[in-house]
Amino acid sequence: LSSARRNKPFLAINCGAIPETLLEPTLFGYEKGAFTGAHRTTTGYFEAVAGGTVFLDEISETSPSFQIKLLRVLQEGEVMRVGGCKVIKADFRLISATNKDIQALVKSGAFRKDLFYRIHVVGIKVPPLRQRTEDIPLLIQHFMGRLSRKNKLKPRQFSPALIDYLTQLPWEGNVRELENLVERLLVVSTAKVIGLESLPPELKDNTSASKAVPSLAYEEAKEGFERAFIE
C-alpha cells in the first residue's frame, strides 16, 4: 500500500502453464509478421504495465535461454519485441514465485545463478498451509465469498467442528487444495451450515486428523475452544 506503483497495472503469468514459444511474445511483445498468426504488432507485459508490476509465477519452469533474455531486461530496463529491432524502455517491478527450492536449482545448474541474485532482492518464504493453520478460517471465509459469487450461490458457513477438523489435515496441496475443497462443499452441500458429514470420504478417513485427540481434560479443552472461537 505504500508503494508508488500501487495504483499502476498488475499483470500475472504462470510460466509453467504456457509454452515458451508463447511466453516470450507475451512478455516482450511482437511485431506484425514475426511468426505465423502475428497479424498485428502487440505490446508485451513488460511494456504494457508502464510503471506497474509483472508477476511471474513458477519462474523456475523457464528455460536457460529465456532466463538469459529476462536477465538482460532486468539489467538494462529495455525490451525488444519478437521480430523487432527497436529497443524499448520498460519500467516495471518484477515479482516472481516458485514452489521449488530455487537455491537447490541454482546449485544444480537448472536455474541461472546471475538471474537468481538479480531477482532475489527481497525474498519471502511462505510456509506450507499445515504450518500456519491459523490462516485456515480466514482463507475459508475468503474463498466462500469469492466462490459463491463465481457459482452464483449464497455464501454459507462451515461448522466450528468442521473448521477444527480442517486445521488438523496435512494439506499436501496447500492453499489450492483448500480452495478446491471449499468450492466442492459449497456446490455439493445444501446445508446452511456445512458440517463434517459433508466431507468427501477420502478426507473423513484421514489418519493424521482422526488421531489428533487432545490431551487436555474435557472442560479445559472446551474452554480453550470457546475462547478461540469467540476471538
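Residues numbered from 1 in each chain as written. Predicted model: local features only at pLDDT ≥ 70, side-chain atom pairs only at ≥ 80, totals over all residues. Heavy atoms only, no water.

1. Digging into the overall build of the protein chain
Check the secondary structure of the protein chain and you find 11 helices and nine strands. Rg of the C-alpha trace for the protein chain: 23 Å, well past the compact-globule value of 17 Å for 231 residues, more than 25% over. For the protein chain, the spread of C-alpha atoms along the three principal axes comes to 75 × 45 × 35 Å. Looking at the protein chain as a whole, 34% of its 231 residues are labelled buried. For the protein chain, contacts bridging at least 24 residues in sequence account for 70% of all contacts bridging at least 6. Accessible surface computed for the protein chain: about 14,800 Å², of which carbon and sulfur atoms make up 54%. (Helix = DSSP H or I, 4+ residues; strand = E, 2+ residues; numbered from the N terminus. Rg over C-alpha atoms; globule rule 2.2 N^0.38 Å. Buried < 20%, exposed > 50% of the residue type's maximum accessible area, 1.4 Å probe, protein only. Contact = heavy atoms within 4.5 Å. Areas by Shrake-Rupley, 256 points an atom, 1.4 Å probe, with all protein chains shown as cover.)

2. Quick word on the packing of helix α6 (residues 136-151) against helix α8 (residues 174-188)
Closest axis-to-axis distance for the α6/α8 pair is 9 Å, and the angle between their directions is 50 degrees. Relative to α8, α6 is oriented oblique. Crossing of α6 over α8 shows right-handed handedness. In contact with Ile-136, Leu-139, Ile-140, Phe-143, Met-144, Arg-146, Leu-147, Ser-148, Lys-150 and Asn-151 of α6, α8 contributes Val-175, Leu-178, Glu-179, Val-182, Glu-183, Leu-186 and Val-187. Looking at side-chain class alone, the contact of α6 with α8 contains 11 nonpolar, two polar and four charged residues. (Axes fitted to C-alpha atoms, helices over the stretch in contact; angles between N-to-C directions. Parallel < 35°, antiparallel > 145°, perpendicular 65-115°, else oblique. Left-handed = near helix turned anticlockwise from the far one by under 90°. Nonpolar A, V, L, I, M, F, W, Y, C, P; charged D, E, K, R; others polar.)

3. Examining the packing of helix α1 (residues 20-28) against helix α3 (residues 64-76)
Running from N to C, α1 and α3 point in directions that differ by 10 degrees, and their axes come no closer than 11 Å. By the angle between their axes, α1 is roughly parallel relative to α3. Residue-level contacts link Glu-20, Leu-23, Glu-24, Leu-27 and Phe-28 of α1 to Ser-65, Phe-66, Lys-69, Leu-70 and Val-73 of α3. Here the contact of α1 with α3 is composed, by residue class, of six nonpolar, one polar and three charged.

4. What to know about a nonpolar patch on the surface
A cluster of nonpolar side chains, namely Val-121, Val-122, Ile-124 and Val-126, defines an oily patch on the protein surface of about 480 Å² accessible area. Positionally, Val-121 belongs in the loop between α5 (113-119) and α6. (Patch = residues over 30% accessible without salt bridge, like charges linked within 9 Å, V, L, I, M, F, W, Y side chains within 5 Å. Salt bridge = Lys/Arg side-chain N within 4 Å of Asp/Glu carboxyl O.)

5. Examining the nonpolar core
Counting residues in hydrophobic clusters, the biggest one holds 26 residues, and the most contacted among them are Leu-27, Phe-46, Leu-56, Leu-70, Phe-92 and Phe-111. Of all the elements in the fold, those that place two or more residues in this core are α1, β4 (53-57), α3, α4 (102-108) and α5. Residue contributions to this core peak at five residues, all from α3. Other than its neighbours up to four places away in sequence, Phe-92 contacts Arg-5, Phe-46, Val-49, Gly-52, Val-54, Val-73 and Leu-74. Residues Leu-129, Phe-158, Tyr-165 and Leu-181 belong to the second largest nonpolar core, which totals 21 residues. (Core = buried A, V, L, I, M, F, W, Y, C linked by side-chain atoms within 4.5 Å.)

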